[in-house]
Amino acid sequence: MADAAKSPWPALPEHHAALLTRLKATAKKPGTVTLLKGMPGSGKTTLVKQLGEDIRQASCRSIRIRSLAQYDPITLLSLYDAPVALDDCQLAPGLLEYLASGNGPEHSVILSGTPNRHLINRLAERLGERFCEMELALCPNPALSSVLIQKSGIQTGAASLSD
């Protein structure tokens, strides 16, 4: 990846490049909620930081962001007029509950973290085609490391995310 040299973040392994491309594509779909999940150390935060300037980024590790996400998700999401990526979303289940109720911004939201399965199922049920779940697996073999799991038919160009 030629752009990796310009980034202040570590270069992504090639097996994550396809996932990054798919994340960027879902961010262009208005009203979609994409969940990037994976074990600690699998590269979720690094991947989110590589999304670029077109996608606003915030982390629920920040007390201010976490408080807004948990107790006032409407205000938090209204702060962003473009796609937004919220890292460590498991720290603010109130945000996930709000999104699972079918509410949310018109622009897309990318969530990364390890929320509980119950909330993930509610998001998938309620949002249907507007929800996409991706998993970044931690594996010593780079060829097998990046595995996508999703429950939507969101299309990215000519290929489906489930390819």
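Residues numbered from 1 in each chain as written. Predicted model: local features only at pLDDT ≥ 70, side-chain atom pairs only at ≥ 80, totals over all residues. Heavy atoms only, no water.

Student: I would appreciate a short explanation of the overall build of the chain in the present structure.
Tutor: For the chain, the helix and strand inventory stands at seven helices and seven strands. Each helix and strand of the chain, placed in order from N terminus to C terminus, yields the pattern α-β-α-β-α-α-β-α-β-α-β-α-β-β. Every one of the 163 residues in the chain was classed for burial, and the buried ones make up 47%. The long-range fraction of contacts in the chain, counting pairs at least 24 apart against all pairs at least 6 apart in sequence, stands at 68%. For the chain, the exposed area adds up to about 8300 Å²; of that, 54% sits on carbon and sulfur atoms. (Helix = DSSP H or I, 4+ residues; strand = E, 2+ residues; numbered from the N terminus. Buried < 20%, exposed > 50% of the residue type's maximum accessible area, 1.4 Å probe, protein only. Contact = heavy atoms within 4.5 Å. Areas by Shrake-Rupley, 256 points an atom, 1.4 Å probe, with all protein chains shown as cover.)

Student: Where do I start with the nonpolar core in this structure?
Tutor: Nonpolar side chains tend toward joint burial in soluble globular proteins. Counting residues in hydrophobic clusters, the biggest one holds 27 residues, and the most contacted among them are Leu 77, Leu 86, Leu 95, Leu 99, Leu 111 and Phe 131. Of all the elements in the fold, those that place two or more residues in this core are strand E1 (33-38), helix H3 (63-71), helix H4 (73-78), strand E3 (84-87), helix H5 (93-100), strand E4 (109-113) and helix H6 (117-127). Not counting the four nearest positions on each side in its chain, Leu 77 is found in contact with Val 84, Leu 86, Leu 95, Tyr 98, Leu 99, Pro 105, His 107 and Val 109. Counting residues in hydrophobic clusters, the runner-up holds 14 residues, among them Leu 23, Ala 85, Cys 132 and Met 134. (Core = buried A, V, L, I, M, F, W, Y, C linked by side-chain atoms within 4.5 Å.)

Student: Would you take a moment to explain the side chain of Asp 87 for this structure?
Tutor: Along the chain, Asp 87 falls in strand E3. The buried charged residue Asp 87 lacks any salt bridge partner; its closest oppositely charged side chain belongs to Arg 61, at an N-O distance of 5.8 Å. If we skip the residues at most four places from it in the chain, Asp 87 touches Thr 45, Ala 58, Ser 59, Cys 60 and Ser 112. (Lys, Arg positive; Asp, Glu negative; His and termini not counted. Salt bridge = Lys/Arg side-chain N within 4 Å of Asp/Glu carboxyl O.)

Student: Looking at this model, I keep getting lost on the environment of Val 109. Mind explaining?
Tutor: Here Val 109 is to be found in strand E4. Taking the C-alpha atoms as reference, Val 109 lies 9.5 Å from Leu 99; in sequence the two are ten residues apart. Ignoring anything within four residues of it in the chain, the contact list for Val 109 reads Thr 32, Val 33, Thr 34, Leu 77, Val 84, Leu 86 and Leu 99.

Student: Looking at this model, I keep getting lost on the confidence of the model for the chain. Mind explaining?
Tutor: When pLDDT is low, close inspection of the predicted coordinates is not appropriate. The predicted model of the chain averages 78 in pLDDT, with 75% of residues at 70 or higher. Per-element confidence in the chain ranges from a low mean pLDDT of 34 for strand E7 (residues 159-160) to a high of 96 for H3. Note that residues 1-5 has pLDDT below 50 and, in this model, three contacts with residues that lie over four places away or in other chains. Within the model, the stretch residues 140-163 combines pLDDT values under 50 with 55 contacts to residues more than four positions away or in other chains. (pLDDT = per-residue confidence, 0-100.)

Student: How should the sheet that holds strand E2 (residues 56-59) be read in this particular structure?
Tutor: Strand pairing in a sheet relies on backbone hydrogen bonds, with the paired strands running either antiparallel or parallel. With parallel pairing, five strands are arranged side by side in an open sheet as E2-E3-E4-E1-E5. Since the sheet does not close on itself, it has two edges, and those belong to E2 and strand E5 (131-136), each with one partner. Between one strand and the next, the sheet's axes are offset by a mean angle of 15 degrees, whatever the strand orientation. The pairing of E3 with E4 spans three bridges and is parallel. Counted as the bridge partner of Ala 85 is Ile 110 from E4. Helix-sheet contacts for H5 involve E1, E3 and E4, and the interaxial angle to E4 is about 140 degrees. Of the strands in this sheet, E1 and E5 touch H6, which is tilted by about 145 degrees from E5. (Pairing = 2+ DSSP bridges. Axes fitted to C-alpha atoms, helices over the stretch in contact; angles between N-to-C directions.)

Student: What is the right way to look at the pairing of E5 in this model?
Tutor: Among the six residues in E5, five count as buried, and that is most of the element. Pairing analysis gives six bridges linking E1 to E5, with the strands arranged parallel. Bridge pairing links Lys 37 to Glu 135 in E5.

Student: What am I meant to see in the state of the cysteines here?
Tutor: A covalent bond between the sulfur atoms of two cysteines is what we call a disulfide. The tally for this structure, following the rule as stated, stands at zero disulfides. Left unpaired, Cys 60 is separated from the closest cysteine sulfur, that of Cys 89, by 6.8 Å. Residue Cys 89 is classed as buried on the basis of its relative accessible area, which comes to 0%. (Disulfide = S-S within 2.5 Å.)

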